[in-house]
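Structure assessment
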Amino acid sequence: MKKTLLALAAAAAISPAAFADVTFKGDANVEGFRVDTEGVDDVNAGYTSRIRLAGTAKTDGNVSVNFRLLLNNSIWSGDQRDTRITLTDTNDDTTTTTKYLQGVYEQTPSDPVAVDYGYIQMPIAGWTVRAGRQVANWAGCFITCNENRDRLLAMKRFGSTTAILITDKRSEGNAGGLAGFAAGSAFTNDTATDNDSNMYSAAAVGMHKGWLWGLLLTKWAGDDNILLNGTYAIMPYAKGKIGGVSLEASLNYLNGGDLLFTDGSMSGFVRAGVDVDKLRIEGLAMMTVDGGLIDVGFDTYSMTIQNNPKTNASNTNVAHLGRKFGMTQGYDEYLVSAKLSGKVDDQFTLSGALGVANVDNNGASEIDYTFFNVKGSYQLAKTTEIYAGAETVNVDDGSSDVDTVVATLGVNTTF
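Here is what the cut-offs are and how they apply
- Residues numbered from 1 in each chain as written.
- Predicted model: local features only at pLDDT ≥ 70, side-chain atom pairs only at ≥ 80, totals over all residues.
- Heavy atoms only, no water.
- Helix = DSSP H or I, 4+ residues; strand = E, 2+ residues; numbered from the N terminus.
- Buried < 20%, exposed > 50% of the residue type's maximum accessible area, 1.4 Å probe, protein only.
- Polar contact = N/O pair within 3.5 Å; in protein donor to acceptor, adjacent residues only side chain to side chain.
- Disulfide = S-S within 2.5 Å.
- Pairing = 2+ DSSP bridges.
- Salt bridge = Lys/Arg side-chain N within 4 Å of Asp/Glu carboxyl O.

Before going further, it helps to spend a moment on the side chain of Asn198. For Asn198, the location among the structural elements is in strand E10 (residues 197–208). Residue classification places Asn198 among the buried positions, given a relative accessible area of 17%. Side chain to side chain, Asn198 and Lys169 meet in a polar contact 3.0 Å long.

Summed over the entire model, instances satisfying the criterion amount to one disulfide. Here Cys141 is linked by a disulfide to Cys145, with a sulfur-sulfur distance of 2.2 Å. Judged by the torsion about the S-S bond (65°), the Cys141/Cys145 disulfide is right-handed. There is no split in this pair, since Cys141 and Cys145 are both buried.

Here the focus is the pairing of strand E1 (residues 22–37). Sheet topology places E1 next to strand E2 (residues 44–58); 14 bridges connect them, and they run antiparallel. The partner of Val30 across the bridge, within E2, is Ser49. Linking E1 back to E2 in an antiparallel pair, the connection comprises six residues, with Gly39 at a positive phi of about 90°. Direction of pairing for E1 relative to strand E20 (residues 401–414): antiparallel, over a ladder of 11 bridges.

Under the criterion given, the structure shown has 14 salt bridges. A salt bridge links Arg68 to Asp116; its shortest N-O distance comes to 2.7 Å. A residue pair is termed long-range when its members are at least 10 positions apart, and Arg68 in strand E3 (residues 64–75) and Asp116 in strand E6 (residues 114–124) qualify at 48 residues. Neither residue differs from the other here; Arg68 and Asp116 are each classed as buried. Residue Arg133 pairs with Asp150 through a salt bridge whose shortest N-O separation is 2.9 Å. Of this pair, Arg133 sits in strand E7 (residues 127–138) while Asp150 sits in strand E8 (residues 144–158), and the two are 17 residues apart along the sequence. One network of salt bridges, in which partners are shared, links Glu147, Arg149, Arg151, Asp168, Arg170, Asp295 and Lys310.

Dropping the structure here:
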């Protein structure tokens, strides 16, 4: 970290003109969390910190470099970290005494600065082209949520519609990719050496009479042992208002795979919200059919089900729906939830949510979830929010009925 800052300072001193068109912004979060599961003696509790610094460097020709660095993103592990310095003292009576030097900070693999995203944006033949690591989102986080992709993207606006062409490198060489993600399943192939995988996508996004709409078509292509090889996806999305009711919906249909999604799988959701005086009432219904896909970061109004985006992992997650990847026909899921929120005053906001979910494994097994939570936030300053939340979730699989209570307390700020 010190070397990185020194290098930046030296570069700025040597070539100040090169930094004339660079803008920075960032955010920081510190959170305390607690997960207490019935029947489990050890309570999972601790603190996390995250600091991110984003920037845009503009050059001539309308070319820019866009990036975000993770300066810190870790669970607190103490100042001793993973290393202790041992001092050995041999006394006159030949007795050896070993002492540990306390309070020594030693850098660990979670400490170095990392690139969250970084890409070059440039105009080519009337298209805007981006090359590098980019943030991927689709359908309000239902399909993909804040996931970083090694990507080549080109987009161009035609009237009120923007066309987008994308190539994603999903795995390369012997990097592992998706070849062995299903540990313990018949599809596991951890020793594969040929596991190149690319994902090719075409999308259109536009506005029509106040409605945002989008359509994403995707095809996976790779070596024979790639689990998603041959799979294609059709993903429409819409968001708008009817009267005073805001609506959002998406479907995700996958089929054509060599190993997964061989017979077709589907997932979808509908979200609605309405303002009544100073209150906002929201509802959500989502489902999967035959092992359909839902991103882990999708907002279900729960602190324990989903709400766990890959680049901003939750500390209180208990379950993920929509993660069977078409491996089981007849594997169906649903979730129905509601949320009520409102401002107590200009600085203090309260909300409460409840919901139920069900996982049915083709009649062979079934799991029911029931959750209830309350949350509050206090606007300490224009850019700083202090928040707290607590939730209880019941998991009933027919043979056991377990309650888990989770809680968080944290602060977010932007700069």
